[in-house]
There are 2 protein chains.
Amino acid sequence: MKARVHITLKNGVLDPQGKAVENALHGHGFKSASDVRQGKFIELNIAETDAAKAKSTVEDMCRKLLANTVIENFSVEVVD
Amino acid sequence: MKARVHITLKNGVLDPQGKAVENALHGHGFKSASDVRQGKFIELNIAETDAAKAKSTVEDMCRKLLANTVIENFSVEVVD
């Protein structure tokens, strides 16, 4: 099965990378952009046939390795 | 309006960051993970009321700044 993971900074956590992107967009004339937040997106295959089990394994991966749960939220979708 | 942008490496482009994540997952006992690919996820607000226009503006941002279209694909969703 294929899993898609989004890892985003929690609300209230400063996002200097997003701020830099926002400033660059403004510098390129895209003045309408605001509140830019940058996160990570991870796609992976998982050798598992049960969708619920696959999801819980990937959530476990997020908690143990992929996300820093102090400052980041994660969400997992299983596709296929 | 809110836009969500996914930027992923094109197929065939080596992804050393994804490979490093995969190796780390294996090292943590998640042997079922494979084909890990890491991309970027950007959320932003755009001061625009027309969804089609907002989408085309954000696609323009991707082509001009956010994505390296030689090696990366991007996809834009407009929500709200």
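In this convention, every chain numbers its residues from 1, walking through the sequence in written order. Numbering of ligands from 1 and lettering of chains from A proceed in the order in which they are written. Local features are withheld for residues below a pLDDT of 70 in this predicted model, meaning they are given only at 70 or higher, and side-chain atom pairs are given and counted only at 80 or more; totals for whole chains, interfaces and linings count all residues. By convention in this description, side-chain values take in all heavy atoms of the structure and omit both hydrogens and water.

Caption draft 1: Highlighting the packing of helix H1 (residues 16-27) of chain A against helix H2 (residues 51-66) of chain B. In this analysis an axis means a line fitted to C-alpha atoms, helices contributing only their contacting stretch, and an angle means the value between N-to-C directions, from 0 to 180 degrees. Secondary structure counts use DSSP, requiring at least four H or I residues in a row for a helix and at least two E residues in a row for a strand, with both numbered from the N terminus. Viewed as axis vectors pointing N to C, H1(A) and H2(B) meet at an angle of 100°, and their least axial separation amounts to 11 Å. Put simply, H1(A) runs roughly perpendicular to H2(B). Between H1(A), through Val21(A), Ala24(A) and Leu25(A), and H2(B), the contact on the second element is made entirely by Met61(B), Leu65(B) and Leu66(B). Throughout, the ten residues Ala, Val, Leu, Ile, Met, Phe, Trp, Tyr, Cys and Pro are labelled nonpolar, Asp, Glu, Lys and Arg are labelled charged, and all others, Gly among them, are labelled polar. Classifying every residue of the contact of H1(A) with H2(B) by side-chain character gives six nonpolar, no polar and no charged. What sets the label is the angle itself: under 35 degrees gives roughly parallel, over 145 gives roughly antiparallel, 65 to 115 gives roughly perpendicular, and the rest give oblique. Two residues form a contact once any of their heavy atoms are found within 4.5 Å.

Caption draft 2: How the structure looks around the sheet that holds strand E1 (residues 2-9) of chain B. For two strands to be treated as a pair, DSSP must find at least two bridges joining them. Pairing in this open sheet of six strands is antiparallel, and the strands run E3(A)-E1(A)-E2(A)-E2(B)-E1(B)-E3(B) from one edge to the other. Each edge of the sheet is formed by a strand with only one pairing partner; in this case those strands are strand E3 (72-79) of chain A together with strand E3 (72-79) of chain B. Across the sheet, the axes of successive neighbouring strands diverge by a mean angle of 20°, strand direction being ignored. Alignment of strand E1 (residues 2-9) of chain A against E3(A), held across eight bridges, turns out to be antiparallel.

Caption draft 3: Summary view of the interface of chain B and chain A. Facing 30 residues of chain B, the contacting portion of chain A comprises 30 residues. In this assembly, chain B packs against chain A so that about 2,600 Å² is buried in total across both faces, 66% of it on carbon and sulfur atoms. The three residues of chain B that bury the most area against chain A are Phe30(B), Phe41(B) and Leu65(B), which together make up 22% of that side's buried surface. We define a salt bridge as a contact between a side-chain nitrogen of Lys or Arg and a carboxyl oxygen of Asp or Glu at a distance within 4 Å. Across the contact surface, chain B and chain A share zero salt bridges. Put simply, the parts of the chain that give the side of chain B that touches chain A at least two residues each are E1, helix H1 (16-27), strand E2 (33-46) and H2 of chain B. When grouped by side-chain class, the residues that make up the side of chain B that touches chain A number 14 nonpolar, nine polar and seven charged. Sheet topology places strand E2 (residues 33-46) of chain A next to E2(B); 11 bridges connect them, and they run antiparallel. If you follow Ser34(A) over to E2(B), its bridge partner there is Asn45(B). The buried area of a pairing is the accessible area, by a 1.4 Å probe, that goes missing from both parts when the two are put together, added over both.

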